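Structure at a glance
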Amino acid sequence: MAVVEGAPGVSGEPASQASSRASCVVCAFVGSSVERRIFFLFAEGLGEGWFVDAMRRGGFCLRHARHVGREGGARLAGACRHIVAGWRDRLARAEGERERPPASACPLCETESWAEGHALWLLAGPDRARAAAALGALEPLCLAHLERLLGLAGPRQVPQVRTRLRELLERATATGLGLEQRLTILIGPDPDSAIRTGGLGGLAASPDAPSTSWLDGLLSAEGFMAELAVGRCPACTGPAALVRRLLAWLADPGLRPDDRREQEHLCAGHLRDALAVAPLAAERALAATLGGWVALVERLPTVTELPAAAFRARARRLGERYREERARRPQRPGPLAAAGAALADLLWPAASVERAVARATGQRAHPCVACGVMAGAAGRTLDLAGALLVAAPAAERYRASGGFCLGHAARSPALLGPEPRSVVLATARTRVARQLWELDEAVRKSSWSVRYEPRGPETRAWIDALVLVHGDQVRSAKLLTPEPRERVAAA
Ligand SMILES: [Zn+2]
Ligand SMILES: [Zn+2]
Ligand SMILES: [Zn+2]
Ligand SMILES: [Zn+2]
């Protein structure tokens, strides 16, 4: 197998206990690649130029900040210093700018997308024997990765993937399986299971007690001020409160199927969060998702429906293909379009399979409702800041509090008027200055030469820095899905 010396292989070889439970070879490869990257970061990478540069450009995303925090603890003080210094520089420029803050430069997201792409490329690549092995019973893929493979595989592999999808769906709907097992078949093992069971670790008390300020998901000026008073970013806790509300509503045993229709589409992250806080919501969303998968499988071509390999055989079916196209629901193309499609099938048989696959996957696609709720609630909370901070008393209370986390403060130039914007940015700069001193102190006191000095608040500077950047949710162990930057597809 062509893999880098010492790197985890796409062979289902478990790299750790966590990945040995994996039911999907791609998920297992991604998980073990991230574990190895974290290991090497702490072993030798924290001082390297590329790492410092990535930290300066935004550092770890919320998800991976939890993972490295759990692994590295106080060893992260230096990395956090680079992250906060990067924010200081961006905030200094932010006042006059109206553009979006830069996307994060998370090195572990980079590892994840490389590992996933590499594993899928190996499975769908020129070595068909490997693909055949992966699609066999020894190395199953989760439904999510089978769908990705569907987009990459050659047309002749599509019926094979269809068969695997069908088998997995039968397993997922079999009675006797627990909710978590069925979720694992659908979306692979939980990549955040270590956080859910162990939290961020060390100094991080769990903030998972639901917000009382936002009263069951009701956004209000009182709630906004109350969240600030207890030192939490309202633009982080508002979306969390609304997602809790949505999941609790979906889990209401009295809710009729008609009432919850179109509201039960959840992404992989929110399915896992629902499992943690409202299992019935996860169960209902899973049922809706599986329904979509069954419909997808029915639309995929079987071996007998693939276009014949010989041109003459395809030419004989031309009239039949035309009638099939004309009868297709729900679009029912006109005669010219149907003739064009039938002719394209004759001349480019691979393209017709690709079209059938795109049609099948496209009809299953649906955005995650909970991600939409989070993005909407964060936007409304920032609007509320714009409405409240024009008044001097509210601005004064804001300045006396911790204010927004840096991620949300950085959005104020694009969203708020001049007065609220300068209140938000000035408060953020004050916190950044103080945090940098604490982080410097933590780095200084890590030296052997000052071992006689007492240890103090600087020992928790790394976690305060992560909370400053990402909000209190970085310490969460239940609702782990971050506010999306763009539309997120349901599982
Ligand atoms: Zn997978
Ligand atoms: Zn990341
Ligand atoms: Zn926030
Ligand atoms: Zn979601």
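Residues numbered from 1 in each chain as written. Chains lettered and ligands numbered in written order. Predicted model: local features only at pLDDT ≥ 70, side-chain atom pairs only at ≥ 80, totals over all residues.

**As for the overall build of the protein chain**
If you tally the helices and strands in the protein chain, you get 26 helices and 0 strands. Split into buried and exposed, the 491 residues of the protein chain put 42% on the buried side. Relative to all contacts within the protein chain whose residues are 6 or more apart in sequence, the contacts with residues 24 or more apart total 78%. (Helix = DSSP H or I, 4+ residues; strand = E, 2+ residues; numbered from the N terminus. Buried ≥ 20, exposed ≤ 12 C-beta atoms within 10 Å, placed from the backbone. Contact = placed C-beta atoms within 7 Å.)

**Description of helix α8 (residues 143-152)**
Buried residues of α8: Leu143, His145, Leu146, Arg148, Leu149 and Leu150, and no others. In this fold, the buried residues of α8 make contact with α2 (25-45), α6 (107-124), α9 (158-173), α10 (179-187), α16 (279-299) and α20 (349-364).

**Looking at helix α12 (residues 221-229)**
Taken together, the buried positions of α12 are Gly223, Phe224, Glu227 and Leu228. On an axial view of α12, the arc spanned by its buried residues comes to 135°, and they lie on one face. For α12, exposure combined with an orientation more than 90 degrees from the buried face picks out Ala221 and Glu222. Buried residues along α12 sit in contact with α13 (234-250), α21 (369-388) and α22 (392-400). Phi for Gly231, located one or two positions after α12, is positive at around 80°. (Arc of directions from axis to C-beta.)

**A closer look at the nonpolar core**
Ranked by size, the top nonpolar core spans 119 residues in total, and within it Cys80, Leu266, Leu271 and Ala465 carry the most contacts. If we ignore the near neighbours within four places in the chain, the residues touching Cys80 are Leu439, Trp462, Ala465 and Leu466. (Core = buried A, V, L, I, M, F, W, Y, C linked by C-beta atoms within 7 Å.)

**Let's talk about the environment of Ala344**
Secondary-structure assignment places Ala344 in helix α19 (residues 335-347). Dropping the residues within four chain positions of it, Ala344 is found in contact with Ala351 and Ser352.

**With respect to the environment of Val34**
As for its position among the elements, Val34 is in helix α2. Given 19 C-beta atoms within a 10 Å radius, Val34 is considered partly exposed. Taking the C-alpha atoms as reference points, Val34 and Thr111, separated by 77 residues in sequence, lie 6.3 Å from one another. When residues no more than four places from it in sequence are discounted, the contact partners of Val34 are Leu108, Thr111 and Glu112.

**Notes on the confidence of the model for the protein chain**
Per-residue confidence for the protein chain averages 85 on the pLDDT scale, and 88% of its residues sit at or above 70. Confidence, expressed as mean pLDDT per element, reaches its minimum in the protein chain at helix α1 (residues 17-20) with 38 and its maximum at α21 with 96. For the stretch residues 1-9, pLDDT sits under 50, and the model shows 9 contacts to residues farther than four places along the chain or on other chains. (pLDDT = per-residue confidence, 0-100.)

**Some points on the environment of Leu143**
Among the secondary structure elements, Leu143 is positioned in helix α8. In this structure Leu143 comes out as buried when scored by C-beta crowding, with 24 C-beta atoms within 10 Å. In sequence terms Leu143 and Ile185 are 42 residues apart; their C-alpha atoms lie 6.6 Å from each other. Aside from chain neighbours lying at most four places away, what touches Leu143 is Leu165, Leu168, Ile185, Leu186 and Trp293.

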